[in-house]
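# Coordinate inspection notes
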Amino acid sequence: MRIFDPHIHMTSRTTDDYEAMYAAGVRALVEPAFWLGQPRTNLGSFVDYFDSLLGWEPFRAAQFGIEHFCTIGLNPKEANDPRCVEVLDVLPRFLAKDRVVAVGELGYDSMTKEEDFAFSRQLELAVQHELPVLVHTPHRDKATGTRRTLDVVKESGLTPERVIVDHLNEMTVGMVRDSGCWAAFSVYPDTKMDEHRMVRILQEHGLDRMLVNSAADWGRSDPLKTLKTARAMLEAGFSDDDVDKVLWRNPVEFYAQSGRLSLAESATETGAGATFEGNSVLRGARDKAND
Ligand SMILES: [Zn+2]
């Protein structure tokens, strides 16, 4: 089994996670720029974070045999802080980079006018840079937030096949399917969505334009939820090919629209259960850091 996690925040995860993900079949992932929990207070803090998503984290992932890509954007939560808004001015420089496969994650948190401004501005940037978009939906008042998200996306002029609407559930999947946007689901240990509910949604809505991610971050989350969903699909009677479509070919198809998804031949081979022993460079880097 080969797995592509289309939304996971590896900056917050350990090397044990990388090892376990490789053993589970994860060969590629996308790390969206997001909120780090501790509020950032200045532009430089974002610039260093974006550089890390483009430099250090892909390097770290490569030591474990995993291809790392990212999305860059000002997240909705911090779009409300006036000290962070100038991030919008430096985004074009980052959106030009090779490993940036979408603008994101964008969207609404509390649905303020500041969030409206940052969301629309970044959708314009996506059009200008010919990049697809990853949109986060709010955790509170999700149906209203998702409806408004779809309206704003429609007004932006982006074609729906270039947009992921993420963190969906049974309430919001229908309207996103109707819009033509890609529907994504974050499978979590105890909130949002679990793997069995996910299987029922796939049974009901089909496998086209459907994405499953772990969205693992600094909170209680599980980077192996992609594998667990794959197993639940097989137990429910889906075929190996169905699993490959949802967990590999769909995310590849979506992010390939950036024109930047260059997957090494070795990363695309099927077959999990292997142990990757190539992390000696990282060990060297760490020893150096400890000197
Ligand atoms: Zn996220």
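Anything mentioned here points back to the structure above.
Residues numbered from 1 in each chain as written. Predicted model: local features only at pLDDT ≥ 70, side-chain atom pairs only at ≥ 80, totals over all residues. Heavy atoms only, no water.

### Concerning the overall build of the protein chain
Applied cut-off: Going along the chain from the N terminus, every DSSP run of H or I of four or more residues is numbered as a helix, and every run of E of two or more is numbered as a strand. Only the C-alpha atoms count toward the radius of gyration. The rule for a globule is 2.2 Å times the residue count to the power 0.38. Two residues form a contact once any of their heavy atoms are found within 4.5 Å. The Shrake-Rupley method, run with a 1.4 Å probe, gives the accessible areas here. Residue values count only the displayed protein chains as cover. Charge counting treats Lys and Arg as positive and Asp and Glu as negative, with His and both chain ends excluded. The atoms used to mark charge sites are NZ of Lys, CZ of Arg, CG of Asp and CD of Glu.
The helix and strand inventory of the protein chain stands at 12 helices and 8 strands. Taking 19 Å as the expected radius of gyration for a compact globule of 291 residues, we find that the protein chain reaches 18 Å, a close match to that expectation. Each of the three principal axes of the protein chain carries a C-alpha extent, and together these read 55 × 50 × 35 Å. Sequence-distant contacts in the protein chain: of pairs separated by 6 or more residues, those separated by 24 or more amount to 75%. Carbon and sulfur atoms make up 49% of the accessible area of the protein chain, which totals about 12100 Å². Counting 33 positive and 46 negative side-chain charges, the protein chain places the averaged centre of each group 1 Å from the other.

### A few points about the sheet that holds strand 8 (residues 210–213)
Pairing between the strands of a sheet comes from backbone hydrogen bonds, and it takes one of two forms, parallel or antiparallel. Going by this rule: Should DSSP find at least two bridges between two strands, the strands are regarded as paired. Axes, fitted as lines to C-alpha atoms, cover a helix only where it is in contact. Angles between the N-to-C directions of the axes lie from 0 to 180 degrees.
Taken in spatial order, the 8 strands make up an open sheet running 1-2-3-4-5-6-7-8, and their pairing is parallel. Edge positions in the sheet fall to strand 1 (3–5) and strand 8, since each of these pairs with one other strand and no more. Across the sheet, the mean angle from the axis of one strand to that of its neighbour is 25°, orientation sign disregarded.

### Quick look at helix 1 (residues 15–24)
Quick note on the threshold: Accessibility here uses a 1.4 Å probe with only protein chains present; expressed as a share of the type maximum, an area under 20% marks a residue as buried, one over 50% as exposed, and anything in between as partly exposed. Starting at the helix axis, one direction is taken to each C-beta atom, and the arc is that of these directions. Any pair of nitrogen or oxygen atoms within 3.5 Å is treated as a polar contact; in protein, a donor-acceptor pairing is required on top of that, and neighbouring residues in sequence qualify only through side-chain atoms on both sides.
The set of residues buried in helix 1 consists of Asp17, Tyr18, Met21, Tyr22 and Ala24. For helix 1, the buried positions fall inside an angular range of 160° around the axis, keeping them on one side. The inward-facing, buried residues of helix 1 contact strand 1, strand 2 (26–32), helix 3 (56–62), strand 3 (67–72) and helix 9 (225–235). With a side-chain oxygen lying 3.3 Å from the backbone nitrogen of Asp16, the N-terminal cap of helix 1 falls on Thr14. One or two residues past the end of helix 1 sits Gly25, with phi positive at roughly 110°.

### Some remarks on the side chain of Glu195
Structurally, the position occupied by Glu195 is in helix 8 (residues 195–205). Of the polar contacts made by the side chain of Glu195, one reaches the side chain of Lys225; its length is 2.9 Å. The contact partners of Glu195, leaving out residues within four places of it in the chain, are Val187, Lys225, Lys228, Thr229 and Ala232.

### Remarks on the coordination of the zinc ion
For a metal bound by four donors in a tetrahedral arrangement, the ideal donor-metal-donor angle is 109.5 degrees, while six donors in an octahedral arrangement ideally sit at 90 or 180 degrees. Which entries qualify depends on this criterion: A donor here means an N, O or S atom no more than 2.8 Å from the metal, or no more than 3.2 Å when the metal is Na, K or Ca. Since water is not included, a site may seem to lack partners.
Around the zinc ion, the protein supplies His7 (NE2), His9 (NE2) and Glu105 (OE) as donor atoms, at distances of 2.0 to 2.2 Å. Of note, the donors binding the zinc ion are all from one chain and are spaced H-x1-H-x95-E. One end of the pair, His7, is in the loop between strand 1 and helix 1; the other, Glu105, is in strand 4 (residues 100–107), with 98 residues separating them in the sequence.

### Points about helix 6 (residues 142–156)
Defined as follows: What a helix is expected to span follows from its residue count: subtract one and scale by 1.5 Å.
When the terminal C-alpha atoms of helix 6 are compared, their 21 Å separation across 15 residues agrees well with the 21 Å that a helix rising 1.5 Å per residue should span. Every buried residue of helix 6 is accounted for by Lys142, Gly145, Thr146, Thr149, Leu150, Val152 and Val153. Across the axial projection of helix 6, the buried residues extend over an arc of 165°, all falling on one side. Opposite the packed face of helix 6, turned more than 90 degrees from it, sit the exposed residues Lys154 and Glu155. Tucked into the core, helix 6 has its buried residues touching helix 5 (113–129), strand 5 (133–136), strand 6 (163–166) and helix 7 (173–179). A positive backbone phi angle near 90° is found at Gly157, which sits one or two residues after helix 6.

### Some thoughts on the nonpolar core
Cut-off, in case you're wondering: Put simply, buried Ala, Val, Leu, Ile, Met, Phe, Trp, Tyr and Cys residues joined by side-chain atoms within 4.5 Å make one nonpolar core.
Of all hydrophobic cores here, the largest spans 75 residues; its most connected members are Phe50, Ile72, Phe185 and Met233. Apart from residues no more than four positions distant in its own chain, Phe50 is found in contact with Ala33, Ile72, Gly73, Val87, Leu91 and Phe94. The next biggest cluster of nonpolar side chains, apart from the first, holds 16 residues, and it includes Phe4, Phe69, Trp248 and Phe254.

### Section: the layout of surface pockets
Quick reminder of the rule: Using only the protein atoms, space was sampled on a 1 Å grid; points where a 1.4 Å probe fits but cannot get out form cavities, open sets with protein on both sides within 12 Å along at least five of seven lines form pockets, and lining residues are those with an atom within 4 Å of a point. Grid points are joined across faces, edges and corners, and a volume is the space filled by probe spheres set on the points.
What the largest pocket holds in volume is close to 400 Å³. Along the wall of the largest pocket there are 20 residues; nearest its centre are Phe34, Trp35, His136, His139 and Asp217.

### Section: the pattern of salt bridges
The cut-off we apply is this: The term salt bridge refers to a pairing of a side-chain nitrogen on Lys or Arg with a carboxyl oxygen on Asp or Glu at a separation within 4 Å.
This structure, assessed with the given rule, holds 18 salt bridges. With a closest N to O distance of 2.8 Å, Arg121 and Glu124 form a salt bridge. One end of the pair, Arg121, and the other, Glu124, are both in helix 5, 3 residues apart, so they sit about a helical turn from each other. The exposure class of Glu124 is partly exposed, given its relative accessible area of 42%. Taken together, the salt bridges that share partners define one network made up of Arg2, Asp241, Asp244 and Arg249.

### Regarding the packing of aromatic side chains
This is how the line gets drawn: Pairing of aromatic side chains requires ring centres within 6.5 Å, counting the rings of Phe and Tyr and the six-membered ring of Trp. Pairs whose planes differ by under 30 degrees are stacked, by over 60 edge-to-face, and all others tilted. Consider the ring centre and the ring normal. A charge sits over the ring if Lys NZ or Arg CZ is within 6 Å of that centre and within 35 degrees of that normal.
Applying the stated criterion to the full structure yields 12 aromatic pairs. Ring centres of Phe4 and Tyr255 lie 6.2 Å apart, and the angle between their planes is 10°; on these two criteria the pair is classed as stacked. On the criterion of sequence distance, the pair formed by Phe4 in strand 1 and Tyr255 in helix 10 (residues 240–256) is long-range, its members being 251 residues apart. The class for Tyr255 is buried, based on a relative accessible area of 0%. Plain terms: the ring middles of Phe46 and Phe50 are 6.1 Å apart, the flat faces sit at 55° to each other, and that makes the pair tilted. Of the two residues, Phe46 and Phe50 are both situated in helix 2 (residues 43–54); the distance of 4 residues between them amounts to about one turn of the helix. By relative accessible area, Phe50 is classed as buried at 0%. Looking at Arg40, its charged tip hangs above the ring of Tyr49, at a distance of 4.7 Å from the centre.

Any functional reading would require information that these geometric values do not contain.
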